[in-house]
Protein chains: 2
Amino acid sequence: MEKIVEQGLLYDFYGELLTEHQKKIYEEAVYNDMSLSEIAEDIGISRQGVHDLIKRCDKILLDYESKLHLVEKFTRIKESIREINQISESAISENSEIQRIQQLSNEILAEL
Amino acid sequence: MEKIVEQGLLYDFYGELLTEHQKKIYEEAVYNDMSLSEIAEDIGISRQGVHDLIKRCDKILLDYESKLHLVEKFTRIKESIREINQISESAISENSEIQRIQQLSNEILAEL
C-alpha cells in the first residue's frame, strides 16, 4: 500500500516525463490496480514485458526524485500547510469568543 | 533582468537534470554573470559554442517546465504563503489588543 502511494506521488510529479506508452501501462498498474496479466493481455505484450516496463518506470521516477527532491519538498510544505490550516480553524473559533467579548462589553456599556 | 530571474528559477528546479559540463557553464553565465567571451576563455571552447550551449540549456529547462509546471506551482504557493504570513503578522498585533482586553478586565475584576 505504501509503495502504491509513493508510486502515485512520484507519478503525479514526474509522470509527464515518461513516454505515452510507459504512462499508459504505469497508470493501468498503479492507478487502475490492474494485474500484470490483465495489462499484458490488454496491451498485447508478455507479462514479463509489462513487469520490466513498470520496474523501469519506477527507476526513472525515483531517479528524478533523487536529483530534484520535489516530492520531498512538496510533502513537507503540505504538512506545514495542514498545521497552519488546523491552527487557523482554532483561531476562527477563538474569534467567536472575541465576538462574545464585544457583545458583553456592549451590554455592560448600555447599562452604565 | 526578468530573463535572468526566470533562468535562475528554472535552474533552481531542474538544474540537477543537466550534465556537469552544462551546469558549470550555465552557472557561470546566469549566476556569476560572466560574459560569453570570459566563459569561452575559461572553459577553452569558442564563444559561439558557449552561446549554443546556454541556448540548449534554456530549452532543456523550459521543456521540463512545460511538462511539469513545478516552477509555476511553487510560485503560486509562495505568493499565498507570503499573504498568509502578512495576515498572521496583523493577527499578532491584534493579539496584543486582546492581551490589553485581558489586562483591563483583570484590573476591573480586582476592583469589584
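These numbers were taken from a predicted model, which means no experiment stands behind them. For every chain, the first residue of its written sequence is number 1, and the numbers climb from 1 along that sequence. Chains and ligands are labelled sequentially in the order written, the chains with letters from A and the ligands with numbers from 1. Whole-chain, interface and lining totals are the exception, using all residues; otherwise, since this is a predicted model, local features are given only for residues with pLDDT of at least 70 and side-chain atom pairs are given and counted only at 80 or more. Think of the side-chain values as coming from all heavy atoms in the structure, minus any hydrogens and water.

### Re the pattern of salt bridges
Residue and element names in this part refer to chain B. Salt bridge, as used here: a side-chain nitrogen of Lys or Arg that lies within 4 Å of a carboxyl oxygen of Asp or Glu. Overall, the coordinates contain 10 salt bridges over all chains when judged by the stated rule. Among the salt bridges present, the one from Lys23 reaches Glu20, with a minimum N-O distance of 3.3 Å. In this pair, Lys23 and Glu20 are both assigned in helix 2 (residues 20–30), 3 residues apart and thus about one turn of the helix distant. Among the residues examined, Glu20 registers a relative accessible area of 61% and is labelled exposed. In this structure, the salt-bridge partner of Lys59 is Asp63, at a minimum N-O distance of 2.7 Å. One end of the pair, Lys59, and the other, Asp63, are both in helix 4 (residues 47–68), 4 residues apart, so they sit about a helical turn from each other. Only DSSP runs of H or I with at least four residues qualify as helices, and only runs of E with at least two residues qualify as strands; both kinds are numbered from the N terminus onward. Residue exposure (1.4 Å probe, protein chains only): buried if accessible area is under 20% of the type maximum, exposed if over 50%, otherwise partly exposed.

### A look at the confidence of the model for chain A
Residues and elements named next belong to chain A. Here chain A averages 87 in pLDDT, while 96% of its residues score no lower than 70. Confidence of the predictor at the level of single residues is given by pLDDT, which spans 0 to 100. Within chain A, the element-level pLDDT minimum falls on helix 5 (residues 70–111), averaging 79, and the maximum on helix 4 (residues 47–68), averaging 96. This prediction of the complex comes with two scores: 0.77 for pTM and 0.73 for ipTM.

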